Amino acid sequence: TNEADADFRGRTLGGSLNLGPLEFRGQRTTSKRTDPYYKDSPSFFKDPDLTQKTTEVGVGGSLPLGQDTLSGDLLRRFRSTEYPQNIYQEERFTAQEPNVTGLNLGYEGQFGPGQLGVQGGLENVRGVGTGTRADMSYSLDKLFGLPVPTKVTGGYRNPVGGESSAEVMLRFGLPFGGPRR
C-alpha cells in the first residue's frame, strides 16, 4: 500500500429522481488525505488534511421516437480543494477549480438495412475553453446478402487544451462452421 493512500478517507452522498422520461441527479463527494510530511509535524499545522470536494448535478433522459431513441444529458460539476493550514494562517487556503458544464446528445435507430448510432458532446470548462466530441456507429447483420456481421465506427475528439484526433474502424465477423457446443 502506498503510504500516502493509507490515510485516505472518502464519503459520497447522492441521489436521483425519475420524473417521466427525465432523471434528475446530484452527488457530493468529499475526500481527505493527510500527507505524511504534515502528519509528522503536528506542532506546525492546525489542520494537516488536504480536502477535495466535488459536487455534480445533472438531468438526463431518453425519448422514444417510434423504434428509434433520442437521448440527452446535461451535467454541471463544481470542485474545490482545501489545503493544509499551518499555525501562521488564519484559515485554510481554498482553490476553486473552473466549473465544468457538459452536454451530450444521442440518437439510435434503424437507418436503411442497419442500425445507426450518433452521439455528440460539448464540455465547457469555465474560463478555459470548450471541448467537443462526436461518435458514430453503423451495424449490419448481413453484408451484400452474406451472413457477415459488419460494423463501422468513427469518432472525433477536440479536448480542452489537447490535440484533436479522429478514428475510423471497420469490423467484420466471419462465421466458421455451425453452432458451438
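Here, the structure is the one placed above.
Residues numbered from 1 in each chain as written. Predicted model: local features only at pLDDT ≥ 70, side-chain atom pairs only at ≥ 80, totals over all residues. Heavy atoms only, no water.

## Some words on the overall build of the protein
When helices and strands are tallied, the protein shows one helix and twelve strands. For 181 residues, the compact-globule estimate of 2.2 N^0.38 gives 16 Å, and the C-alpha radius of gyration of the protein, at 24 Å, exceeds that figure by more than 25%. With the C-alpha coordinates of the protein rotated into their principal frame, the extents come out at 80 × 40 × 35 Å. Within the protein, the fraction of its 181 residues that count as buried is 20%. Across the protein, contacts joining residues at least 24 apart in sequence account for 42% of those joining residues at least 6 apart. Approximately 12800 Å² of the protein is accessible, and the part contributed by carbon and sulfur atoms is 56%. Taking the average place of the 21 positive charges on the side chains of the protein and the average place of its 21 negative ones, the gap between the two points comes to 5 Å. (Helix = DSSP H or I, 4+ residues; strand = E, 2+ residues; numbered from the N terminus. Rg over C-alpha atoms; globule rule 2.2 N^0.38 Å. Buried < 20%, exposed > 50% of the residue type's maximum accessible area, 1.4 Å probe, protein only. Contact = heavy atoms within 4.5 Å. Areas by Shrake-Rupley, 256 points an atom, 1.4 Å probe, with all protein chains shown as cover. Lys, Arg positive; Asp, Glu negative; His and termini not counted. Charge placed at Lys NZ, Arg CZ, Asp CG, Glu CD.)

## Considerations on the nonpolar core
By size, the foremost hydrophobic cluster in this structure holds five residues: Leu116, Tyr138, Leu140, Leu143 and Val148. Not counting residues within four places of it along the chain, the set of residues in contact with Tyr138 comprises Phe111, Gly112, Pro113, Gly114, Gln115, Leu116, Thr150, Lys151 and Val152. (Core = buried A, V, L, I, M, F, W, Y, C linked by side-chain atoms within 4.5 Å.)

## Here's the deal with the pattern of salt bridges
For side chains bearing opposite charge, pairing can occur when the charged atoms are close. Throughout the structure, instances matching the rule amount to nine salt bridges. Residue Glu97 is joined to Arg79 by a salt bridge in which the shortest nitrogen-to-oxygen separation is 3.9 Å. One end of the pair, Glu97, is in the loop between β7 (94–96) and β8 (100–111); the other, Arg79, is in strand β5 (residues 68–82), with 18 residues separating them in the sequence. Overall, Glu97 belongs to the partly exposed group, its relative accessible area being 32%. A salt bridge links Arg92 to Glu82; its shortest N-O distance comes to 3.2 Å. Of this pair, Arg92 sits in the loop between β6 (85–86) and β7 while Glu82 sits in strand β5; the two residues are ten residues apart in sequence, bridging distant segments of the chain. Both residues of the pair, Arg92 and Glu82, belong to the buried class. Because the salt bridges share partners, they merge into one network encompassing Asp47, Lys53, Glu82 and Arg92. (Salt bridge = Lys/Arg side-chain N within 4 Å of Asp/Glu carboxyl O.)

## Looking at the side chain of Thr30
For Thr30, the position within the fold is in strand β2 (residues 22–34). Taking relative accessible area as the criterion, Thr30 reaches 11% and is therefore assigned buried. Setting aside chain neighbours within four positions, we find Thr30 in contact with Arg9, Gly10, Arg11, Thr51, Gln52 and Lys53.

## So, the environment of Glu123
Mapping Glu123 onto the fold places it in strand β9 (residues 114–125). What makes Glu123 partly exposed here is its relative accessible area of 37%. Beyond its immediate stretch of four places on either side in the chain, Glu123 contacts Arg77, Val100, Thr101, Gly102, Gly129, Thr130, Gly131 and Val160.

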